[in-house]
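Structural features, examined
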Amino acid sequence: MYLLYTILASLVCFFFLKWLKKRRTCTDLKRLDGKTVLITGGSSGIGKETAVALALRGARVVIACRDPSRAEKAVREIKFKSHSLNVTHMELDLANLRCVREFCKTFLQREKRLDILINNAAIPGVLDWTDDSFSMCFGVNHLGHFLLTNLLLPRLKECAPSRVITLTCSNYKYQKLDFQDLNYNLLPFFTYCRSKLANIYFSQELGRIMEGKDVTSYAVHPGFVQSSWTCHYSFLFRMLMQVIMWMFFVPCETGAQTVIYCAVSDEAAKHSGGYFVDCRPATLRPFARDSGVAKKLWEASERLVKPV
Ligand SMILES: NC(=O)c1ccc[n+]([C@@H]2O[C@H](COP(=O)([O-])OP(=O)(O)OC[C@H]3O[C@@H](n4cnc5c(N)ncnc54)[C@H](OP(=O)(O)O)[C@@H]3O)[C@@H](O)[C@H]2O)c1
Ligand SMILES: *[C@@H]1O[C@H](CO)[C@@H](O)[C@H](O)[C@H]1NC(C)=O
């Protein structure tokens, strides 16, 4: 009798979790032949799955990664899964602004086009400093991508209509930006939340600046995803998260769907500067829609990284 109850309860649990993790998929089947996509941090997680999906649609895919051997391995896997040979990698460490500049120079020399830029790489909440003495989360997740996007913007404009997709996180809502202390580095989780809030303001302001220029901008929350972000933490935490992720988080292929949607959909393009969750536009908390703050962050970032 007990056995029957146990089996029944397990089944109910199983289907409940399955239902809980149900997400929309990108139904737009548009091809990307002749287009070039650049994805930062494409060597793992959501970035790698996005690369596979866009290569499958015929795009040339360049993944920008800090570890060349891991990148090579990822390129082999992406080629294998997408049956495309038009996949390559380039070295980029977003924690070093000189490296970002060098990357852009090489990229612009080597690649004729840039149609879709995906600012995907990120470091989860860790307390560390970049080579330029910015807090790790703010430096990598926001400033590195800010400089990268600014330096590649001329090419994006040439190739218009083009798109910039920036990965953010619904955790943005737990923090606000402190302009006196943009390098806040006290509580790991909060440094991450702030950097992801910065990603939202950045994406919004980029959309505004590019209005009428046919370069559109999208901020994406991919959902909570079973990627390799826990690799930055202790063994114990990793084991704990493994269980939680297995129960409640979605696979990387699912996490990539909203990114793919923003890369191809005409519907998404009507909401440039917007925030997207589960393959549709979503609403931000009012404080995160404040265009004054977005502009202020853009100007502060310009002072910090001096893109020109
Ligand atoms: N997973 C989630 O639940 C979740 C939820 C909300 C939002 N997101 C967002 O989704 C995006 C993708 O994350 P993910 O879950 O796929 O995590 P992930 O598997 O950890 O991938 C992150 C990627 O960023 C790269 N990266 C980290 N620091 C870098 C640096 N300094 N320079 C260049 N590349 C660097 C990593 O490269 P290495 O392999 O060399 O470390 C890795 O390829 C992130 O923006 C994240 O904030 C994820
Ligand atoms: C690779 O992609 C680029 C841009 O999409 C395209 O121009 C080129 O012809 C492709 N090369 C091959 C070998 O398919």
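Parameters at a glance
Per chain, residue numbering runs from 1 following the sequence as it is written. Chains and ligands are labelled by the order in which they are written, letters from A for the one and numbers from 1 for the other. Predicted model: local features are reported for residues with pLDDT of at least 70 only, side-chain atom pairs are reported and counted for 80 or more only, and whole-chain, interface and lining totals are derived from all residues. To get the side-chain values, take all heavy atoms of the structure and skip hydrogens and water. Near is defined per residue: the residue qualifies when any heavy atom it owns lies within 4 Å of the molecule or strand. In the analysis that follows, any N or O atom pair within 3.5 Å is treated as a polar contact, provided that within protein one partner can donate a hydrogen and the other can accept it, and provided that, for residues neighboring in sequence, both atoms belong to side chains. Charged residues are taken to be Asp, Glu, Lys and Arg, nonpolar residues to be Ala, Val, Leu, Ile, Met, Phe, Trp, Tyr, Cys and Pro, and polar residues to be all remaining types, Gly included. Strands are runs of DSSP state E lasting at least two residues, helices are runs of H or I lasting at least four, and both sets are numbered from the N terminus onward. Every helix has an expected span of 1.5 Å times one less than the residues it contains. Across the chain, bend at a residue is computed as the angle between axes fitted to the seven residues ending at that point and the seven starting from it. Fitted lines through C-alpha atoms serve as axes, helices being fitted only where they are in contact, and the angles separating the N-to-C directions of these axes extend from 0 to 180 degrees. Our angle categories are set so that under 35 degrees counts as roughly parallel, over 145 as roughly antiparallel, 65 to 115 as roughly perpendicular, and the remainder as oblique. Crossing handedness: left-handed means the near helix sits turned counterclockwise from the far one by under a right angle, and right-handed means the same turn made clockwise. Contact criterion: two residues are considered in contact whenever any of their non-hydrogen atoms come within 4.5 Å of each other.

So, on to the site of ligand 2. Close to ligand 2 lie Gly34, Lys35, Thr36, Arg60 and Asn86. Within the contact set of ligand 2, an oxygen atom lies 3.3 Å away from a backbone nitrogen or oxygen of Gly34. Measuring from an oxygen atom of ligand 2, one finds a backbone N or O atom of Lys35 at 3.1 Å. Each residue belonging to the shell around ligand 2 can be placed in one class, and the counts come to no nonpolar, three polar and two charged.

Over its 23 residues, helix H5 (residues 136–158) runs 32 Å from end to end, which matches the ideal 33 Å to within 8%, given 1.5 Å per residue. Within H5, the axis deviates most sharply at Leu152, by approximately 45°, and proline Pro154 lies no more than four positions further along.

With that out of the way, let us pick up the packing of helix H4 (residues 97–110) against H5. For the pair H4 and H5, interaxial distance at closest approach is 10 Å and the crossing angle is 25°. Considered as vectors, H4 and H5 are oriented roughly parallel to each other. When the axes of H4 and H5 are compared, the crossing they make is right-handed. Across the interface between the two elements, Leu97, Val100, Arg101, Phe103, Cys104, Phe107 and Leu108 of H4 pack against Leu143, Gly144, Leu147, Leu148, Leu151, Leu152 and Arg155 of H5. Within the contact of H4 with H5, the residues separate by chemical class into eleven nonpolar, one polar and two charged.

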